[in-house]
Amino acid sequence: MTRGAAARARSAAAVVARSVGGDPAERRRRRLLGAALTCCAAFLLAAVAVATFGLAGPECLRTPGGSTVCVDSGGGYTVTSPPGVSEPIDDFSFGGRLVPDTSGLAPYVGESGLRPGVVVAALLLVVPFAVFALQVVRLGSAARERRLAALRLQGATSADLRRIAAAEVRGTGLVAGVAGLPAYLGLWLLLGVLPPSGWRLLPTPAAALVVGWPVVAVLVVVAAVLAARRAADVGTVDALGLSRRRARPLSRSSATTTAVILGVLVLGLVLLFLAPNGAAAGVVVLVLPLVFVAAAVAAGPWIVVAVGRRHVRRGNPVAVLAGRRLIADPRTPGRVAGVLLAVGLAVGFAVSDVIGIFLSGRTDPYDLAFFGGGILTALAAIGLAAVVAALSLVVGASEQVLDARRPTAALVALGAEPATVVRVVRTQLRSVSVLPAVGGAVVGATLLGGWFAVAEGGGRAWVVPAALGAVVVAVLVAGGAAALGAAGAQRLLRRPLAEAMSVESLRTA
Amino acid sequence: MTPPSTPGDLPGTPPPDHLAATVPVPAGAVLEAHGVQHAYRRTVALRGVDLRVDAGEVVAVTGPSGCGKSTLLHAAAGLLVPQAGTVTLLGRDLARLTEDERALLRRREVGIVLQFGQLVPELTAVDNVALPLLLDGHPADGARRLALDWLERCGAEDVAATMPSDMSGGEAQRVAVARALVTGPSVVFADEPTGSLDTLAGRQVLGLLVAAVRERGASLVIVTHDNTVAARSDREVRLVDGTVASEAVLR
């Protein structure tokens, strides 16, 4: 394409993006997208803030007794006390007596050896928001497909369509990237100022944050634009114009990507098994959660297809309809299923951890505060991820309900009771929430938690029953929470579903 | 066309009681509507319409766009409850039935064909046709065999395993006709069934629908603004601005 043609295409893209922006549904979509991307930016900045904390040199803090405690890069403490003051090193601990309270950071952040784990956790929390943003980018995609088809009919090239799709989200991405810093400051107030000393998770904003901010903003814009270009589904838009959505089965490239990520995951696990104390083990332990979440999100659509096929085999109309709908578009619910699989795994691990600590008979206040605080923080993060995943489920399902409102109304016209249609949606929601969450909980509690419990228990008699009990409790917690989430999602879908079932929907385009 | 089968015609698949009960088409009026009024916010669609359809009768409801044809059909089929007036379908006052009871009545004794087929996009043609039977608890194998039988009768056997997105408009309408007839209904409602088709495909689908209904002795209420469609009916009821402007007996 010549420079002039590209400029004309950009100009046309801007006109279309502006006119589409006037649509109330489009404005709502942009607000949701902006909120999701802002949260992504805020957690990325949190990762930057924690990762760069203490890089300038040892962090020195003054204790109430007048000693100076410097935390070195290896996580150790150097204590310098004034003459006549003697404070045992154990007092500079986390159990409440302490102190390095010029920052008041929790040891997970204060100690450099534990800090990478918090960075990984912050990065993991980006994932549910990114999945949510991806769902929102696809929101209204049926209408967008028709719009793109109409443009194609008028001579727009594939490149034009991609530009238009990119233009639709570029501005929103930029605003979200910029809003990331204020959002991070809000997060810092919540997690870095309000908690009591020794429990704070985010350090005071420093210069590194100002440097990281534009980088994160650019990252957010680029990711949003790439996602929008992909969601434009230009491959299915032809000049004859699309009036019906087509099934989008999973492609071979999707299978390859999933296989590669799973391969990396298995490789990491093998490395860890073969050399649990090797030099690379620390890095592997940190990277594995990220790889696992990537693998879960990549494998999610395949899990959804498998569940859908199982429903179809059951033969009853509710299961068949739910199964066919899952198979027709497995990507949207699959990403949520992947996040919930990871959430279930984390729940399994946390539950096993709690049971292991409880039964190991620990009484040391530092240990209890350290592990208890860590588990509470992890549970809060898991809860946040689960809530965002549930919202993604609502967004994806409402898109499908709206997109299929005419066939849904026709189904009711044919004589399907409204309750039957509701059961179809409920089956879909539960299939992509409860099953992955329970599966993740079983794996998490059995493998990670079981291993942890064994290590903690030191071969005591209660270890095996405790590990089994952890599996049961994890399944109940994860499954119950997922079922509650699915019920909440179904409740939020009540109105669009009722609209889809109404006779007026028979007239919709 | 050979006489159409009903769910009970399949060997080894006895019909559910309610389906067996629908096989003898009732004599007399299958549909009686009196003083039907309905409005959408400020737009009045029907202003006191009366309509009677006898057993075995093919009635065309015609009129310009926005005259209330589709609203009348929706009220007659129990898809909406009119704000005033009564609709009695197969001896049952629709206003006295719950939403689920109306759904059950439609599923078991009424067939519906809509303008764009409105097939369930995630199901193949054969599954779409089998769906009303499956919803009614019919065994899956029997339902699919009957669906295939009806697809063949409607000339759509070639697309039995095809998804709606890969069908032409005419093929989708043939499948929709098969779906409307598979339960052996006493009355079929069709809303612009040829409206989205070219002349030839429209003529074929209409011929198929009318022939199947006449052979069965069922009634057909067809909403259309196409005069050639109306010409194939027994009686034409013309609506203008929400009221019956004229009625003409054509056969």
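Draft legend 1. Representation of the overall build of chain B. Per the secondary structure count, chain B includes eight helices and ten strands. The burial tally for chain B puts 54% of its 251 residues in the buried class. Taking the contacts inside chain B whose residues are at least 6 apart along the sequence as the reference set, 69% of them involve residues at least 24 apart.

Draft legend 2. The overall build of chain A, seen in detail. Across its full length, chain A holds 16 helices and three strands. Considering chain A as a whole, with its 509 residues, one finds that 46% of them fall into the buried category.

Draft legend 3. Quick look at the pairing of strand β7 (residues 187-191) of chain B. All names here are of chain B. The element β7 is extensively covered by neighbouring structure, given that five of its five residues are classed as buried. Residues Val-187, Phe-189 and Asp-191 of β7 are buried on one face, and the alternating residues Val-188 and Ala-190, pointing to the opposite face, are buried as well. As paired elements, strand β6 (residues 110-113) and β7 share four bridges and run parallel to each other. Looking across to β7, one finds that Val-113 is bridged to Ala-190. The pairing of β7 with strand β8 (residues 219-223) spans five bridges and is classified as parallel. Among the inter-strand pairings, Val-188 is bridged to a residue of β8, identified as Leu-220. Considered for its hand, the β-α-β crossover made up of β7, helix α7 (residues 199-216) and β8 is right-handed.

Draft legend 4. Spatial organisation of the pairing of strand β1 (residues 29-40) of chain B. In terms of strand pairing, β1 of chain B meets strand β2 (residues 43-54) of chain B through nine bridges, oriented antiparallel. Considered in β2 of chain B, the bridge of Gln-37 of chain B is made with Arg-47 of chain B.

Draft legend 5. View of helix α7 (residues 207-231) of chain A. Residues and elements named next belong to chain A. Between its first and last C-alpha atoms α7 spans 37 Å; for 25 residues at 1.5 Å apiece the expected length is 36 Å, and the two agree. At Trp-213, α7 shows its largest bend, some 30 degrees, and a proline, Pro-214, comes one to four positions later. Within α7, the full set of buried residues consists of Leu-209, Gly-212, Trp-213, Val-216, Ala-217, Val-220, Val-221, Ala-224, Val-225, Ala-227, Ala-228 and Ala-231.

Draft legend 6. Broad picture of the sheet that holds β7 of chain B. Residues and elements named next belong to chain B. Reading across from one edge, β6-β7-β8-β3-β9-β10 is the order of the six strands in this open sheet, with mixed pairing throughout. On the outer flanks of this sheet lie β6 and β10 (243-249), each paired with one strand and no other. Averaged over all pairs of adjacent strands, the angle between their axes in this sheet comes to 15 degrees, without regard to strand direction. In the sheet, strand β9 (residues 235-240) pairs with β10 via six bridges, with the strands oriented antiparallel. Looking at the pairing, Arg-238 lines up with Ser-246 of β10.

Draft legend 7. Fine view of the nonpolar core. All names here are of chain A. Ranked by size, the top nonpolar core spans 219 residues in total, and within it Cys-40, Leu-45 and Ala-133 carry the most contacts. Take this core: its biggest share by element is 16 residues, from helix α4 (residues 115-138). Two domains each put at least three residues into this core: domain 1 (1-53 + 106-246) and domain 3 (248-509). Other than its neighbours up to four places away in sequence, Cys-40 contacts Val-126, Phe-129, Ala-130, Ala-133 and Val-220.

Draft legend 8. Representation of the environment of Leu-376 of chain A in the model. Residue placement: Leu-376 of chain A occurs in helix α12 (residues 365-403). Note: C-alpha distance between Leu-376 of chain A and Glu-111 of chain A (265 residues apart in sequence) is 19 Å.

Draft legend 9. Molecular detail of the sheet that holds strand β4 (residues 84-89) of chain B. Residues and elements named next belong to chain B. Reading across the sheet, the four strands line up as β2-β1-β4-β5 and stay open at both edges, with antiparallel pairing between neighbours. The sheet is open, and its two edges are formed by β2 and β5 (92-93), each paired on a single side. Here helix α2 (residues 69-76) sits on the sheet in contact with β1, β2 and β4, set at roughly 125 degrees to β1.

Draft legend 10. Expanded view of unusual backbone geometry. Residues and elements named next belong to chain B. If you check the backbone angles, Leu-90 has positive phi at about 50 degrees while not being a glycine. Mapped onto the fold, Leu-90 is located in the loop between β4 and β5. Accessibility expressed as a C-beta count within 10 Å gives 20 for Leu-90, which makes it buried. Its identity is not glycine, yet Glu-192 carries a phi of approximately 45 degrees, on the positive side. Here Glu-192 lies in the loop between β7 and α7. Among the residues examined, Glu-192 registers 21 C-beta atoms within 10 Å and is labelled buried.

Draft legend 11. Geometry of helix α9 (residues 281-314) of chain A. Its axis deflected by about 40 degrees at Gly-300 of chain A, α9 of chain A carries its strongest bend there, up to four residues before the proline Pro-301 of chain A. Just beyond α9 of chain A, the residue with positive phi is Gly-315 of chain A, at close to 90 degrees.

Draft legend 12. Region of the structure containing the environment of Val-438 of chain A. All names here are of chain A. Tracing the sequence through the fold places Val-438 in helix α14 (residues 418-457). Sequence spacing of Val-438 and Leu-476 is 38 residues, and the spatial spacing of their C-alpha atoms is 8.0 Å. Discounting residues that sit within four places of it in the chain, Val-438 has contacts with Gly-344, Val-475, Ala-478 and Gly-479.

Draft legend 13. Focus on the packing of α12 of chain A against helix α16 (residues 494-501) of chain A. All names here are of chain A. It is the contact of α12 with α16, at a shortest axis distance of 9 Å, that shows an interaxial angle of 10 degrees. Here α16 runs roughly parallel to α12, going by the angle between their axes. Contacts between α12 and α16 involve Ser-398, Val-401 and Leu-402 from the former and Pro-496, Leu-497 and Ala-500 from the latter. Its residues assigned to classes, the contact of α12 with α16 shows five nonpolar, one polar and no charged.

Draft legend 14. Molecular detail of the environment of Arg-29 of chain A. Along the polypeptide, Arg-29 of chain A turns up in helix α2 (residues 24-51). Sequence separation between Arg-29 of chain A and Val-432 of chain A is 403 residues; the distance between their C-alpha atoms is 23 Å.

Draft legend 15. The arrangement of the confidence of the model for chain A in detail. Residue and element names in this part refer to chain A. Confidence in the prediction of chain A, expressed as mean pLDDT, is 80, and 78% of residues score 70 or more. In the predicted structure, residues 93-102 sits below a pLDDT of 50 and forms 30 contacts with residues beyond four places in sequence or in another chain. Here residues 237-244 scores under 50 on pLDDT; set against residues more than four positions off or in separate chains, the count is 19 contacts.

Draft legend 16. Just the confidence of the model for chain B, in detail. Residues and elements named next belong to chain B. Mean pLDDT over chain B: 84, with 89% of residues reaching 70 or higher. Highest mean pLDDT in chain B belongs to β8 (94); lowest belongs to helix α1 (residues 17-22) (37). Long-range and interchain partners of residues 1-25, a stretch whose pLDDT sits below 50, account for 53 contacts in this model, where long-range means more than four residues apart. For this predicted complex, the interface confidence comes out at an ipTM of 0.74, alongside a pTM of 0.77.

Draft legend 17. View of the packing of α4 of chain A against α12 of chain A. Residue and element names in this part refer to chain A. For the pair α4 and α12, interaxial distance at closest approach is 9 Å and the crossing angle is 10 degrees. Classified by the interaxial angle, the pair formed by α4 and α12 is roughly parallel. Of α12, the residues touching α4 (which contributes Ala-121, Leu-125, Pro-128, Phe-129, Val-131, Phe-132, Gln-135, Val-136 and Arg-138) are Ala-381, Leu-384, Ala-385, Val-388, Ala-389, Leu-391, Ser-392, Val-395, Gly-396 and Glu-399. Along the lines of polarity and charge, the residues of the contact of α4 with α12 split into 14 nonpolar, three polar and two charged.

Cut-offs used in this document
- Residues numbered from 1 in each chain as written.
- Chains lettered and ligands numbered in written order.
- Predicted model: local features only at pLDDT ≥ 70, side-chain atom pairs only at ≥ 80, totals over all residues.
- Helix = DSSP H or I, 4+ residues; strand = E, 2+ residues; numbered from the N terminus.
- Buried ≥ 20, exposed ≤ 12 C-beta atoms within 10 Å, placed from the backbone.
- Contact = placed C-beta atoms within 7 Å.
- Pairing = 2+ DSSP bridges.
- Right-handed = clockwise from strand over helix to strand, strands pointing away.
- Expected span 1.5 Å × (residues − 1).
- Bend = angle between axes of the 7 residues up to and from the residue.
- Axes fitted to C-alpha atoms, helices over the stretch in contact; angles between N-to-C directions.
- Core = buried A, V, L, I, M, F, W, Y, C linked by C-beta atoms within 7 Å.
- Domains from an automatic or database assignment.
- Parallel < 35°, antiparallel > 145°, perpendicular 65-115°, else oblique.
- Nonpolar A, V, L, I, M, F, W, Y, C, P; charged D, E, K, R; others polar.
- pLDDT = per-residue confidence, 0-100.

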